[in-house]
Amino acid sequence: MVETHNLMTNINQSLGMDSDPPFHETYKTLFAVTKPLNNDWLAAVMAVEELELPSIDLTWLSLESPEKERCKNDIARAANEWGFFQVVNHGISRDVLEKMRDEQVKVFKQPFQHKCREDKFMNVSAGSYRWGTPTATCLRQLSWSEAFHIPMTDISCLGDTSIFSSSSLHQFATEVASLAQKLAEILAEKSGKKSTFFQENSLPSTCYLRLNRYPPCPIPLFGLMPHTDSDFLTVLYQDQVGGLQLVKDGKWVAVKPNPEALFINIGDLFQAWSNDCYKSVQHCAVTNPTKERFSVAYFFCPSYDTVIESCSGDKPSVYRRFSFKEYRQQVQEDVQNYGYKIGLPRFLV
Ligand SMILES: O=C(O)CCC(=O)C(=O)O
Ligand SMILES: [Fe+2]
């Protein structure tokens with residue numbers, strides 16, 4: 001009882017701002033029924049080994065072969081062995097990244113009530129702002145974060161009345177979009193697929209940005225529950241606090257932040273389309289006891305009707321044909337019925 005009381009006091013102290021979502025109030029029964037400080041899994045999420053992801057210098061892509069080919073092979077190898085890698089000299093200037101981050105910090109500092117009325121105060125679609133996990137029945141299922149999910153189509157029409165400065169967001173999104181496209185084309189080519197597929201099926205307007213904020217949390221919790229991304233690939237720009245973890249060879253590892261890098265991960269669609277050549281791996285974010293953390297994810301998605309055909313060379317197809325729309329609907333249905341995403345195993349041949 002005393003333990004729970006102290007915990008709630010700590011949480012209230014770390015979240016005192018009127019911009020913070022009311023985590024303490026909304027989830028107080030979860031804190032009361034779980035003994036978080038004694039839970040082994042909570043300690044385990046914080047105690048994982050920190051690794052540097054394979055780092056790929058994209059400068060080589062602007063040179064002639066063989067350097068260029070070697071760089072492309074490195075990208076494909078990292079996507080196959082890790083499903084995650086970092087790119088440096090990616091061509092997106094520090095200025096563009098810093099303006100985006102300033103914008104993100106400013107937006108999350110808005111009063112919570114304004115963020116909840118995103119259509120009225122922020123000029124983005126209703127439903128863009130999300131926080132916590134409304135369905136959580138124990139602390140283990142709670143994501144200690146708030147986020148704006150913004151479709152690229154919304155970014156182009158934010159206008160001057162929005163709290164979001166459309167130009168910072170727009171510039172960041174445009175440059176990240178072209179990086180994502182370039183990497184996807186290389187990965188397609190290296191797995192023997194048609195590299196024009198993305199020009200035909202993945203317009204920037206079918207993609208979206210997610211701005212994440214992880215408030216400090218006095219006890220170790222998930223900032224974002226373990227998941228795989230339901231896209232082709234994701235480009236992540238994260239700050240220096242750290243907290244991203246992923247599964248490598250069956251073990252959770254922590255990713256070392258790198259201010260010069262953007263982080264790339266393969267999503268479910270690429271795993272299926274490449275017939276398991278590239279890996280969509282489970283990842284999560286964990287909280288920091290004293291520091292807030294920011295990240296932005298760009299999700300490279302095709303249009304809803306795009307059909308994903310899993311085949312490569314002589315190897316039999318691992319997954320049946322499905323459209324992106326079908327995939328999204330199945331994920332939503334599973335989350336509703338079971339409380340979690342099943343993902344690709346649903347589509348095995
Ligand atoms: O913030 C992070 O490190 C991870 C974000 C992420 O995985 C996502 O937004 O899907
Ligand atoms: Fe993710």
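Summarised in this report is the structure supplied together with it. As the structure is a computational prediction, the values presented were derived from the model and not from experiment.

Calculation criteria
Residues numbered from 1 in each chain as written. Chains lettered and ligands numbered in written order. Predicted model: local features only at pLDDT ≥ 70, side-chain atom pairs only at ≥ 80, totals over all residues. Heavy atoms only, no water. Helix = DSSP H or I, 4+ residues; strand = E, 2+ residues; numbered from the N terminus. Contact = heavy atoms within 4.5 Å. Buried < 20%, exposed > 50% of the residue type's maximum accessible area, 1.4 Å probe, protein only. Pairing = 2+ DSSP bridges. Right-handed = clockwise from strand over helix to strand, strands pointing away. Near = heavy atom within 4 Å. Polar contact = N/O pair within 3.5 Å; in protein donor to acceptor, adjacent residues only side chain to side chain. Areas by Shrake-Rupley, 256 points an atom, 1.4 Å probe, with all protein chains shown as cover. Nonpolar A, V, L, I, M, F, W, Y, C, P; charged D, E, K, R; others polar. Phe/Tyr/Trp six-rings, centres within 6.5 Å; stacked < 30°, edge-to-face > 60°. Lys NZ or Arg CZ within 6 Å of the ring centre and 35° of its normal. Donors = N, O, S within 2.8 Å, 3.2 Å for Na, K, Ca; no water. Expected span 1.5 Å × (residues − 1). Arc of directions from axis to C-beta.

1. Looking at the environment of Ser295
With respect to the helices, strands and loops of the structure, Ser295 is situated in strand 13 (residues 293–300). A C-alpha to C-alpha distance of 5.2 Å links Ser295 and Asn212, two positions 83 residues apart in sequence. Those residues in contact with Ser295, other than ones at most four positions away along the chain, are Arg101, Gln104, Arg210, Leu211, Asn212, Tyr214, Leu236, Tyr237 and Gln238.

2. Brief notes about unusual backbone geometry
Backbone torsion omega between Ser65 and Pro66 reads 5 degrees, so that peptide bond is classified as cis. Looking at the element boundaries, Pro66 is found in the loop between strand 2 (55–57) and helix 5 (67–81). At Asn89, a position not held by glycine, the phi torsion is positive, near 50 degrees. A relative accessible area of 48% means that Asn89 is categorised as partly exposed. A positive phi angle, near 75 degrees, is found at Asp276, a position not held by glycine. Mapping Asp276 onto the fold places it in the loop between helix 12 (268–273) and strand 12 (283–286). Assessed through its relative accessible area of 24%, Asp276 is described here as partly exposed.

3. Topic: the pairing of strand 3 (residues 84–88)
Along strand 3, 5 of the 5 residues are buried, which leaves the element largely enclosed by surrounding structure. Here strand 3 shows two buried faces, one formed by Phe84, Gln86 and Val88 and the other by Phe85 and Val87. As judged from the 3 bridges shared by strand 2 and strand 3, these two strands associate in the parallel manner. Along strand 3, the bridge assignment pairs Asp57 with Val88. Regarding the hand of the β-α-β motif, the stretch spanning strand 2, helix 5 and strand 3 is right-handed. Looking at chain direction, strand 3 and strand 11 (residues 262–266) are connected through 4 bridges and run antiparallel. Of the residues in strand 11, the one forming a bridge with Val87 is Leu262.

4. Examining the site of ligand 1
Neighbouring residues of ligand 1: 13 residues in total, closest Arg210, Tyr214, His283, Arg293 and Ser295. Between ligand 1 and the protein, one listed contact pairs an oxygen atom with a side-chain N or O atom of Asn212 at 3.3 Å. Within the side chain of Arg293, an N or O atom sits 2.8 Å from an oxygen atom of ligand 1. Across the complex, the protein chains shield 98% of the 290 Å² of accessible surface that ligand 1 would expose by itself. The set of elements that each furnish at least two residues to the shell around ligand 1 consists of strand 6 (208–214), strand 7 (222–227) and strand 13. Broken down by element, the residue count for the shell around ligand 1 peaks at 4 residues, all from strand 13. The residue inventory of the shell around ligand 1, partitioned by class, reads 6 nonpolar, 4 polar and 3 charged.

5. Considering the packing of aromatic side chains
With the rule as written, the count across this model stands at 28 aromatic pairs. Of note, Lys248 hangs over the ring of Trp82, and the distance from its end group to the ring centre comes to 4.8 Å.

6. Overview of the coordination of the iron ion (ligand 2)
Those donors, His227 (NE2), Asp229 (OD) and His283 (NE2), are the protein atoms that reach the iron ion (ligand 2), and they lie 2.1 to 2.3 Å from it. For the iron ion (ligand 2), the donor residues sit on a single chain with the sequence spacing H-x1-D-x53-H. One end of the pair, Asp229, is in the loop between strand 7 and strand 8 (233–238); the other, His283, is in strand 12, with 54 residues separating them in the sequence. Classification of His283 by relative accessible area gives buried; the value is 6%.

7. Focus on helix 13 (residues 324–338)
Compared with the 21 Å implied by 1.5 Å per residue over 15 residues, the 21 Å span of helix 13 between its first and last C-alpha is a close match. Here helix 13 has its buried residues at Phe324, Tyr327, Gln330, Val331 and Asp334. Taken down its axis, helix 13 places every buried residue within 125 degrees of arc, on the same side. Helix 13 presents Gln332, Gln336 and Asn337 as exposed residues on the side facing more than 90 degrees away from its buried surface. Those residues of helix 13 that are buried are in contact with helix 12 and strand 15 (322–323). Just downstream of helix 13 lies Gly339, where phi reads positive at about 90 degrees.

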